[in-house]
Amino acid sequence: MHTGDWPSTAEEALAVQEALRGRVELTDDLPELPPTVTGLDVAYDEDDGIAAAVVTLETAGLTVVEERTHRAKAVFPYEPGLFAFRELPPLLAALSDLEREPDVLVCDGHGLAHPRRFGLACHLGVLTGRPAFGVGKTRFVGTHEPLGPARGASVPLVDAGEEVGAVLRTRDGVKPVYVSAGHRIGLAHACRLTLALTPRYRLPETTRRADRLSRAALR
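What counts and what doesn't
Residues numbered from 1 in each chain as written. Predicted model: local features only at pLDDT ≥ 70, side-chain atom pairs only at ≥ 80, totals over all residues. Heavy atoms only, no water. Helix = DSSP H or I, 4+ residues; strand = E, 2+ residues; numbered from the N terminus. Rg over C-alpha atoms; globule rule 2.2 N^0.38 Å. Buried < 20%, exposed > 50% of the residue type's maximum accessible area, 1.4 Å probe, protein only. Contact = heavy atoms within 4.5 Å. Core = buried A, V, L, I, M, F, W, Y, C linked by side-chain atoms within 4.5 Å. UniProt positions renumbered as here; feature names shortened; annotations may be inferred. Polar contact = N/O pair within 3.5 Å; in protein donor to acceptor, adjacent residues only side chain to side chain. Expected span 1.5 Å × (residues − 1).

Caption draft 1: Inspection of the overall build of the protein at higher detail. When helices and strands are tallied, the protein shows five helices and eight strands. Sequence-ordered secondary structure for the protein, helices as α and strands as β, is α-β-β-β-α-β-α-β-β-β-β-α-α. Since a compact globule built from 219 residues should have a radius of gyration of about 17 Å, the 16 Å found for the protein is in line with a globular shape. Classification of the 219 residues of the protein by burial places 53% in the buried group. Sequence-distant contacts in the protein: of pairs separated by 6 or more residues, those separated by 24 or more amount to 64%.

In structure tokens, the structure reads:
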């Protein structure tokens, strides 16, 4: 889908989500620790400008392999549940500038943990064909049982009787993150990768570095 064909109304966007969500694959043929991980994030300015950032790290040492940014104007209104239609055009542009094909995409957002089971990680995975999952800072849908206080504790995130993700503690005694599969990766694998990407902080290094890069690109 090219930006020129991009939906401009909520009704059009909902139709696209409905059409694409059947293409989500939850098979998982990724190595336990893929060679690299690519984080994605966006920042906004006061004039509805967006700076998208993608940062590829070596999974083992979390050192930067390459990074790219892309600035653009938002082409879709602010609508809860449809954020992907604001963020995907610049994110896809930044991804297209990478020299190395990403092994797995880590989104600052959600995958299946979405009202229509098609959050940003699902959408990005389907459009690129790459494995993708989401690590959200806050809960968007669902409920869960109490979570233990230790790093690595997790409980299912359940919405309408369906397990759509996991609530995962990445630091002892610190509020959890919300992990959900997006495309071509299983939930358990996504949780293990999230823990590998959080050796010191609550949020994955992919998200932290992409966040800093996107904010810098706005200045």
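Caption draft 2: Layout of the nonpolar core. L40, F85, L95 and L124 are the most contacted members of the largest nonpolar core, which totals 30 residues. Breaking this core down by element, the ones donating at least two residues are α1 (10–20), β1 (36–44), β2 (49–58), α2 (84–96), β4 (105–107) and α3 (120–128). No other element matches the six residues that α2 contributes to this core. Sequence-distant contacts of L95, defined by excluding residues within four places in its chain, comprise T38, L40, V54, P102, L105, L124 and T128. L57, A166, L168 and V177 belong to the second largest nonpolar core, which has 22 residues in total.

Caption draft 3: Fine view of the UniProt feature "site: Interaction with target DNA" (unreviewed entry) in the protein. In this structure's numbering, the residues bearing the UniProt feature "site: Interaction with target DNA" (unreviewed entry) are Y78. Looking at the secondary structure, you find Y78 in the loop between β3 (64–73) and α2. Given the relative accessible area of 59%, Y78 is considered exposed.

Caption draft 4: Looking closely at the UniProt feature "binding site: Mg(2+)" (unreviewed entry) in the protein. Here, the residues flagged by UniProt with the feature "binding site: Mg(2+)" (unreviewed entry) are D41 and D108. Separation in sequence by 68 residues is not matched in space for these annotated residues, since their most distant C-alpha atoms are only 5.9 Å apart. Assignment of secondary structure puts D41 in strand β1. Every residue in contact with D41, bar those within four places of it in the chain, is listed here: A51, A52, A53, L91, D108, T207, A210, D211 and S214. Tracing the backbone shows D108 in the loop between β4 and α3. Within the structure, the side chain of D108 is placed 2.7 Å from the side chain of K137, a separation counted as a polar contact.

Caption draft 5: Main features of the side chain of R202. Counting through the fold element by element, R202 comes out in the loop between α4 (187–196) and α5 (205–218). In this structure the side chain of R202 is engaged in a polar contact, spanning 2.7 Å, whose partner is the backbone oxygen of K137.

Caption draft 6: The arrangement of α5 in detail. For α5, built from 14 residues, the straight-helix expectation of 20 Å at 1.5 Å per residue is met to within 8% by its first-to-last C-alpha distance of 20 Å. Those residues of α5 that are buried are in contact with β1, β2, β3 and β4.

Caption draft 7: Up close: α2. For α2, which comprises 13 residues, the first-to-last C-alpha distance of 17 Å matches the rise-based estimate of 18 Å (1.5 Å per residue) to within 8%. The buried fraction of α2 is high, at 11 of 13 residues. Regarding α2, the residues found buried are A84, F85, R86, E87, L88, P89, P90, L91, A93, A94 and L95. In the core, the buried residues of α2 are packed alongside α1, β1, β2, β3, β4 and α3.

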